[in-house]
Amino acid sequence: MSIFDTFLNWKVFVQTLPLLLSGLTTTLALGVTAIILGFIGGLVLALVRLYAKSPLRQVAIAYIDVFRSIPILVLLVVIYYALPFVGLRLSPFAAATSALSLVSAAYSAEIFRAGIEAVPKGQFEAAHALGLSPWRLMGDVVLPQALRIVIPPITSNSINVMKDTALASVVAMPDLLKQATQAQALAANPTPLISAAVIYILILLPLVRLVGILEKRLAVRGR
Amino acid sequence: MTRPIIEMNNVVKTFGMFQALHGIDLSVKEGEIVVIIGPSGSGKSTLIRCINQLEEHNAGAIVVDGAEVGRGRKRATLIEVGMVFQSFNLFPHMTVLRNVALGPVRVRGLSWADAEERARRLLARVGLADQAAKYPAQLSGGQQQRVGIARALAMEPKVLLFDEPTSALDPEMVGEVLDVMQQLAKTGVTMVVVTHEMGFARKVADRVVFMDGGRIVEEGTPDEIFNAPRDPRLRSFLQAVLSH
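All values reported here derive from a predicted model rather than from experimental measurement.

Visitor: Which parts of the structure should I look at to understand the overall build of chain B?
Guide: Each helix and strand counted, chain B has eight helices and 10 strands in total. Projecting the C-alpha coordinates of chain B onto the three principal axes gives extents of approximately 55 × 45 × 35 Å. Looking at chain B residue by residue over its 244 residues, the buried ones come to 55%. In chain B, the share of contacts with a sequence separation of at least 24, taken over all contacts with a separation of at least 6, comes to 64%. Only carbon and sulfur atoms are counted for the fraction: they give 48% of the accessible area of chain B, which is about 10,300 Å².

This is the structure we're talking about:
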């Protein structure tokens, strides 16, 4: 058998493509959900860490540190296989979404914090001097500037979340990787795995490129 | 005209081990133009930053427009105090028009239409009617500072504070900002100005305050301060700044 028949078998590819595409849909749904939840959670965590009073603030710091320390795979396995012992049984999708967004929120929080801290002190002072309320100060003056600063690192984090969705195959979630391994077993040929790898790259490569472009543009505009 | 709008009583401010203000007593009447001069690090900026509580004083009392401010109190009365900064501090992500209209909408409750009309009027007054749609980064330093003045005026404050408004400007742009401030002084608004521009102090001030080492060393009319300085520190300061 030639190398093409083994790794790039057209017949196998066509046969297993529908399975791969259904896996891709699941992967995208999981990734996008986790990215959005992680974004919102990260923003809230960053604001609590920066501006809340002491006990709440310590909670946010502890959360951020713990969830940046735990491997996502370990967290996922704990959520899926350990929580049922206390009566909390999540679907594979819910378990994977939880694990990914809990961790993504912690990383996003640190990115947002850096972004907010990069807004010059004079901006806060000008907003104070106008008499803007703390919410207006954040919403009108600080966050619009901070979000612009964090676009590249937040996009980078989103790429990581997208990649980490592959871990969900461990909890029997029918994502792209899981479907590909399944298809490989059925076809007794590794072509579906190669196809899955190519699909991951095709989806994420443009985003990786985008981060580079955004970083360059932000650096040129400077301050 | 005679009611004090700002009253500072024995105000003390420390930054860690460093004491920036040593018991400041200062009273500013409505409509008065007070110019504060003094060497760098003498506490001039700290003083006016305490008036609108960008710095919280550690002891003493500050009364603005009849209400004591700071030390845990609400900022409500401070809406009546406008501030123009050395580094302009315009909001870079908003147009010039929006920079000026934002405060009136968010704090005074004006509609955007009314606030933008007010903003256009004020921009015309500082000579920038045609720059309303631009972003701050597209303007020169002098133009940005004039927007800063319009932004402060848009809140219709009873007191305007200027923290070295021309110190960050190229020399050729200092004049246009001082002109606007001079026009403003004629309108009856109360102004407290920290500056190194002795010509402005001499021409525009009702009263000049000289600070050194966190204390008010001498105060008086421009004539008294510039033509008959009594304290040796004031004399040597004037000699240093006026000799070049």
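Read on, since the account is not over.
Visitor: For this particular structure, what's the right way to read the environment of Ala115 of chain B?
Guide: Residue and element names in this part refer to chain B. In this structure, Ala115 sits in helix H3 (residues 112-125). Under the relative-accessibility criterion, Ala115 is labelled buried at 1%. Each C-alpha atom, one on Ala115 and one on Glu80, is 17 Å from the other, the two residues being 35 residues apart in sequence. Setting aside chain neighbours within four positions, we find Ala115 in contact with Ala101, Pro104, Val105 and Leu110.

Visitor: Which parts of the structure should I look at to understand the pattern of salt bridges?
Guide: When their charged atoms lie close together, side chains carrying opposite charge are able to pair. Counted under the stated rule, the structure contains 17 salt bridges over all chains. When the shortest N-O distance is used, the salt bridge between Arg68 of chain A and Glu110 of chain A registers 3.9 Å. Taken together, the residues span a long stretch of sequence, with Arg68 of chain A in helix H3 (residues 54-69) and Glu110 of chain A in helix H5 (residues 92-118) at a distance of 42 residues. A residue is classified by how much of its surface remains accessible, and Arg68 of chain A, at 36% relative accessible area, is partly exposed. Taking the relative accessible area as the measure of exposure, Glu110 of chain A reaches 15% and is therefore buried. Across the pair Arg108 of chain B and Glu80 of chain B runs a salt bridge whose closest N-O atoms are separated by 3.4 Å. Within this pair, whereas Arg108 of chain B is found in the loop between helix H2 (96-106) and H3, its partner Glu80 of chain B is found in the loop between strand E5 (67-68) and strand E6 (81-84), the two being separated by 28 residues in sequence.

Visitor: When you look at the sheet that holds E6 of chain B in this model, what are you seeing that I'm missing?
Guide: For sheets, the rule is that strands pair by backbone hydrogen bonds, running either parallel or antiparallel. Residues and elements named next belong to chain B. Strand order in the open sheet made by the six strands is E6-E7-E8-E3-E9-E10, with mixed pairing throughout. Whereas interior strands pair on both sides, the edge strands pair on one side only; in this sheet they are E6 and strand E10 (215-220). Each strand of the sheet is rotated relative to its neighbour by a mean of 20°, with strand direction disregarded. Summarising the sheet, strand E3 (residues 33-37) and strand E9 (residues 207-212) pair through four bridges and their orientation is parallel.

Visitor: Just to check I follow, could you spell out the nonpolar core for this structure?
Guide: Looking at soluble globular proteins, one finds that nonpolar side chains tend to be buried together. Core analysis: the biggest nonpolar cluster contains 53 residues, and Met8, Ile36, Leu47 and Ile48 of chain B have the highest contact counts within it. Of the residues forming this core, the biggest block, eight residues, is contributed by helix H7 (residues 134-164) of chain A. When neighbours within four sequence positions are excluded, Ile48 of chain B is seen to be in contact with Ile36, Met83, Leu161, Phe162, Asp163, Val192 and Val194 of chain B. Ala132, Leu139, Ala150 and Phe210 of chain B belong to the second-largest nonpolar core, a separate cluster that totals 52 residues.

Visitor: Please clarify how the packing of helix H2 (residues 10-51) of chain A against H7 of chain A should be interpreted in this entry.
Guide: All names here are of chain A. Remark: H2 packs on H7, axes separated minimally by 11 Å, with the N-to-C direction vectors making an angle of 140°. Relative to H7, the element H2 is oriented oblique. In this structure, the crossing between H2 and H7 has a hand that is right-handed. Contact residues: Thr27, Leu28, Gly31, Val32, Ala34, Ile35, Phe39, Leu43, Leu47 and Tyr51 in H2; Met138, Leu143, Leu147, Ile154, Ser158, Val161 and Met162 in H7. By residue class, the composition of the contact of H2 with H7 is 14 nonpolar, three polar and no charged.

Visitor: What should I look at first to understand H2 of chain A in this one?
Guide: Each α-helix winds once per 3.6 residues, and so residues spaced three or four apart point in a common direction. Residue and element names in this part refer to chain A. Between its first and last C-alpha, H2 extends 58 Å over 42 residues, near the 62 Å set by a 1.5 Å rise per residue. At Thr16, H2 shows its maximal kink, close to 50°; a proline, Pro18, follows between one and four residues later. Measuring from the side-chain oxygen of the N-cap residue of H2 to the backbone nitrogen of Lys11 gives 3.1 Å; that N-cap residue is Asn9.

Visitor: I'm lost on the interface of chain B and chain A in this one. Help?
Guide: Many authors give the size of an interface as the accessible area that is lost as the parts come together. Opposite the 19 residues of chain B that make contact, chain A presents 17 residues. Between chain B and chain A, the buried area comes to about 1,500 Å², and carbon and sulfur atoms account for 61% of it. The largest per-residue losses of area from chain B upon contact with chain A belong to Phe91, His93 and Arg106 of chain B, which jointly make up 35% of the total buried on that side. Linking Arg106 of chain B and Asp140 of chain A is a salt bridge whose minimum nitrogen-to-oxygen distance equals 2.6 Å. Among the elements that line the side of chain B that touches chain A, the one with the most residues is H2 of chain B, at three residues. The residue inventory of the side of chain B that touches chain A, partitioned by class, reads 11 nonpolar, four polar and four charged.

Conventions used here
- Residues numbered from 1 in each chain as written.
- Chains lettered and ligands numbered in written order.
- Predicted model: local features only at pLDDT ≥ 70, side-chain atom pairs only at ≥ 80, totals over all residues.
- Heavy atoms only, no water.
- Helix = DSSP H or I, 4+ residues; strand = E, 2+ residues; numbered from the N terminus.
- Buried < 20%, exposed > 50% of the residue type's maximum accessible area, 1.4 Å probe, protein only.
- Contact = heavy atoms within 4.5 Å.
- Areas by Shrake-Rupley, 256 points an atom, 1.4 Å probe, with all protein chains shown as cover.
- Salt bridge = Lys/Arg side-chain N within 4 Å of Asp/Glu carboxyl O.
- Pairing = 2+ DSSP bridges.
- Axes fitted to C-alpha atoms, helices over the stretch in contact; angles between N-to-C directions.
- Core = buried A, V, L, I, M, F, W, Y, C linked by side-chain atoms within 4.5 Å.
- Parallel < 35°, antiparallel > 145°, perpendicular 65-115°, else oblique.
- Left-handed = near helix turned anticlockwise from the far one by under 90°.
- Nonpolar A, V, L, I, M, F, W, Y, C, P; charged D, E, K, R; others polar.
- Expected span 1.5 Å × (residues − 1).
- Bend = angle between axes of the 7 residues up to and from the residue.
- Polar contact = N/O pair within 3.5 Å; in protein donor to acceptor, adjacent residues only side chain to side chain.
- Buried area = accessible area lost by both parts, 1.4 Å probe.

In short, geometric facts, not functional conclusions.
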